[in-house]
Amino acid sequence: KQWYQRRVRASESDSALGNDPKKVPSTQPLDNPPKSAALVHVHQHESAALAHVHQHESAPPSHVDQNENSANRRALEADEETPHTGPDDENRPSRGYEYCDHTADIQVHAWGSSLKEAFEECCIGMFGYMTDISTVQASDTFSLQAEGQDMESLLFHFMDEWLYAFCVEPFFIPNEINILEFDEQNFKISCEGYGEPFDLNKHPQGTEVKAITYSAMQIKQHDKGWDVYVIVDI
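Summary of the structure given here. Here the residue numbers are simple positions, counted from 1 along each chain's written sequence. For a predicted model such as this one, the threshold for reporting local features is a pLDDT of at least 70, and the threshold for listing and counting side-chain atom pairs is 80 or more; totals across whole chains, interfaces and linings nevertheless cover every residue. To get the side-chain values, all heavy atoms of the structure are used, and hydrogens and water are removed first.

Comments concerning the packing of aromatic side chains
Here is step 1 of the chain: Stacked, edge-to-face and tilted are the three classes for Phe, Tyr and Trp ring pairs, Trp counted by its six-membered ring, which pair at centre distances within 6.5 Å; planes under 30 degrees apart are stacked, over 60 edge-to-face, the rest tilted. Summed over all chains, the structure comprises 11 aromatic pairs.
Here is step 2 of the chain: Residues Phe142 and Trp162 carry aromatic rings whose centres are separated by 5.6 Å and whose planes lie at 50 degrees to one another, so their mutual orientation is tilted. Taken together, the positions of Phe142 in strand E6 (residues 140-147) and Trp162 in helix H3 (residues 151-167) put the pair 20 residues apart, joining distant regions of the chain.
Here is step 3 of the chain: Given a relative accessible area of 3%, Phe142 falls into the buried group.
Here is step 4 of the chain: Exposure remark for Trp162: the relative accessible area of 0% places this residue in the buried category.
Here is step 5 of the chain: Through a chain of ring-to-ring contacts, three or more aromatic side chains come together here, namely Phe127, Phe142, Trp162, Phe166, Phe172 and Phe198. Helix numbering and strand numbering both begin at the N terminus, where a helix is a DSSP run of H or I of at least 4 residues and a strand a DSSP run of E of at least 2. The buried label applies to any residue whose accessible area, calculated with a 1.4 Å probe on protein chains only, is under 20% of its type's maximum; exposed applies above 50%, and partly exposed to all values in between.

What follows is the structure in structure tokens.
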């Protein structure tokens, strides 16, 4: 696990979130969100300067605000009889994400017809665990880049860049992510997210994601597309 974060609490009352992540489907609002300020995390970041927000001068594409959070609609609620889905599941949508139980942490399982789609869904799945992203309005555009030494490290840094964007000003949270350039040879990504700054008065506080991990990370290709698995530290 990547233990390079330093936790900074906004108030002493933030010691507990008060929600059970196993009982919170990503497509439903969280019950009784805490009233205290959000937890803020600070960690070393090599490319923070690459992330920037475009507001009025670069509004999100018009369809994003009208899609009722398409990524969140594709999320599958955990079920004891069907803990997770696979590429042979005839009822599985072409892209989406779900959560798989893991000791102490949570595993985000995402898939898509392309590796690009699977990466996008995995990152949205991470945000869906921290809040009900159906409450997020796509009013701003946030751009960032990520790179790695191989595909696993690229996935790690891609998600870590987005987690960092959420943890520092402007505390940006997207309800949709679009990878504009995916260089699979040199392991580089340029992307945009469509959303707004996190606001506890509007966005319910779910389970805090502390860090992305390499533990049991998997990137699998099959005849119907790609599946990725990432365990996040909570």
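Focus on helix H2 (residues 115-130)
Here is step 1 of the chain: Over its 16 residues, H2 extends 24 Å from the first C-alpha to the last, a length consistent with the 22 Å expected when each residue adds 1.5 Å.
Here is step 2 of the chain: H2 sits mainly inside the fold: 15 of its 16 residues count as buried. By definition here, a helix of n residues has an expected span of 1.5 Å times n minus one.

Quick word on the pattern of salt bridges
Here is step 1 of the chain: By salt bridge we mean one thing: a side-chain nitrogen of Lys or Arg within 4 Å of a carboxyl oxygen of Asp or Glu. Summed over the entire model, instances satisfying the criterion amount to 6 salt bridges.
Here is step 2 of the chain: Where Glu121 meets Arg95, a salt bridge forms, and the shortest distance between an N and an O atom there is 2.6 Å. With a gap of 26 residues between them, Glu121 in helix H2 and Arg95 in the loop between helix H1 (70-73) and strand E4 (96-101) connect regions that are remote in the sequence.
Here is step 3 of the chain: Of the residues examined, Glu121 reaches a relative accessible area of 0% and is grouped as buried.
Here is step 4 of the chain: Where Lys202 meets Glu196, a salt bridge forms, and the shortest distance between an N and an O atom there is 2.8 Å.
Here is step 5 of the chain: Each member of the salt-bridge network shares a partner with another, and the members are Arg95, Lys116, Glu117, Glu120 and Glu121.

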